[in-house]
Amino acid sequence: MKTKSVYVSIFVLVTSTILAQNSDLELIAQKVNEIKSMPYYPEYSGDSIYWDLVKEGLDIVPHLIAKLDDSTSTQIDVEFRGVTYTIADISNCIIWDIIRDLPVFELTGSNKDLLENCGGCYYWNYVNANQNNRKKYKADISSWFNKNKENLVWFPDEEEFKG
């Protein structure tokens, strides 16, 4: 009987630790709302909060996926697009910096001409067409991540990226 209570105690401890870590990551992911500038990639500039979220690696991804349909506007302009970033867009960029091989092109159902003619505009065109596309994109990214997360490897980069 004593052995059973030890197993139950261990189970409760492990479960509560996992739940606490999950809750901490959820709070950390809320910092997306505090980002004031986005990176300019040749310089790895931008808000330090952005890079702090990237450094959380694969563990933060599910909490960022949860934000992929949050169309709350920010004050941050998207260069060359004439729109401002939404919380969903910022979350998506962070995910892209964590998972470099994310098949966004395929998940948006874009045709090859777009890739050759406009670079990353296929994402912007897709999610800004309507809110249903954002919801579908979120579901597709979530499904892809859940299917592939066991095969993904995170390599932390201790480089300090700050704007």
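Residues numbered from 1 in each chain as written. Predicted model: local features only at pLDDT ≥ 70, side-chain atom pairs only at ≥ 80, totals over all residues. Heavy atoms only, no water.

Colleague: Before we go on, may I ask you to explain the overall build of the protein chain in this structure?
Modeller: The number of helices and strands found in the protein chain is 8 helices and 2 strands. In sequence order, the secondary structure elements of the protein chain are arranged as α-α-α-β-β-α-α-α-α-α. Looking at the protein chain as a whole, 38% of its 163 residues qualify as buried. Considering only contacts within the protein chain whose residues lie at least 6 apart along the sequence, 61% involve residues at least 24 apart. Surface summary for the protein chain: the accessible area is close to 10200 Å², and the carbon and sulfur share equals 52%. (Helix = DSSP H or I, 4+ residues; strand = E, 2+ residues; numbered from the N terminus. Buried < 20%, exposed > 50% of the residue type's maximum accessible area, 1.4 Å probe, protein only. Contact = heavy atoms within 4.5 Å. Areas by Shrake-Rupley, 256 points an atom, 1.4 Å probe, with all protein chains shown as cover.)

Colleague: Explain the side chain of asparagine 133 here, please?
Modeller: Summarising the element assignment, asparagine 133 is placed in helix H8 (residues 131–148). Here tyrosine 126 takes part through its backbone oxygen, which lies 2.8 Å from a polar atom of the side chain of asparagine 133. Here asparagine 133 is in contact with Tyr126 and Val127, once residues within four sequence places are set aside. (Polar contact = N/O pair within 3.5 Å; in protein donor to acceptor, adjacent residues only side chain to side chain.)

Colleague: Can you walk me through the pairing of strand S2 (residues 83–86) in this structure?
Modeller: Taken residue by residue, a regular strand's side chains alternate between the two faces of the sheet. In this sheet, S2 lies alongside strand S1 (residues 73–78) in antiparallel orientation, the contact comprising 3 bridges. Residue valine 78 lies in a different strand from S2, and its bridge partner there is valine 83. Connecting the antiparallel pair S1 and S2 is a turn made up of 4 residues, with phenylalanine 80 showing a positive phi of about 65 degrees. (Pairing = 2+ DSSP bridges.)

Colleague: Would you mind going over the packing of aromatic side chains with me for this structure?
Modeller: The relation between two aromatic rings is expressed through the spacing of the ring centres and the mutual angle of the planes. In the structure shown here, the tally under the stated rule is 5 aromatic pairs. With centroids separated by 5.5 Å and ring planes inclined at 75 degrees, the aromatic side chains of tyrosine 85 and tryptophan 124 adopt a geometry described as edge-to-face. Taken together, the residues tyrosine 85 in strand S2 and tryptophan 124 in helix H7 (residues 121–129) connect sequence positions 39 residues apart. Exposure remark for tyrosine 85: the relative accessible area of 10% places this residue in the buried category. Between tyrosine 123 and tryptophan 124, the aromatic rings sit 5.1 Å apart at their centres with planes inclined by 80 degrees, giving edge-to-face as the arrangement. (Phe/Tyr/Trp six-rings, centres within 6.5 Å; stacked < 30°, edge-to-face > 60°.)

Colleague: Explanation requested: the confidence of the model for the protein chain in the structure shown.
Modeller: Detailed reading of the predicted coordinates is not advisable wherever pLDDT is low. With 74% of its residues at a pLDDT of 70 or more, the protein chain has an overall mean of 80. Ignoring residues within four places in sequence, the model shows residues 12–20, a span with pLDDT below 50, making 0 contacts including any to other chains. (pLDDT = per-residue confidence, 0-100.)

Colleague: Would you mind going over the pattern of salt bridges with me for this structure?
Modeller: As enumerated under the stated definition, the model contains 4 salt bridges in all. A salt bridge links lysine 138 to aspartate 69; the nearest nitrogen and oxygen atoms lie 3.3 Å apart. Taken together, the residues lysine 138 in helix H8 and aspartate 69 in the loop between helix H3 (61–65) and S1 connect sequence positions 69 residues apart. By relative accessible area, aspartate 69 is classed as partly exposed at 24%. Between arginine 100 and aspartate 97 there is a salt bridge, with the nearest N and O atoms lying 3.3 Å from each other. The exposed category is assigned to arginine 100, whose relative accessible area is 55%. (Salt bridge = Lys/Arg side-chain N within 4 Å of Asp/Glu carboxyl O.)

Colleague: What is the right way to read the side chain of arginine 134 from this model?
Modeller: Assignment of secondary structure puts arginine 134 in helix H8. Relative accessible area serves as the criterion here: at 3%, arginine 134 is assigned to the buried category. Once you skip the residues sitting within four places of it in the chain, arginine 134 turns out to touch Leu68, Asp69, Ser71, Thr86, Ala88, Asp89, Tyr123, Val127 and Asn128.

Colleague: Looking at this structure, I do not really get H8. What am I missing?
Modeller: Helical geometry note: an α-helix holds 3.6 residues per turn, so side chains three or four residues apart project in the same direction. With 18 residues, H8 should cover 26 Å at 1.5 Å per step; its first-to-last C-alpha distance of 26 Å lies within 8% of that length. Those residues of H8 lying buried are Asn133, Arg134, Tyr137, Asp140, Ile141, Trp144, Phe145 and Asn148. Seen along its axis, H8 keeps its buried residues to an arc of 130 degrees; they face one direction. Exposed residues lying more than 90 degrees from the buried face of H8 are Asn132 and Lys147. (Expected span 1.5 Å × (residues − 1). Arc of directions from axis to C-beta.)

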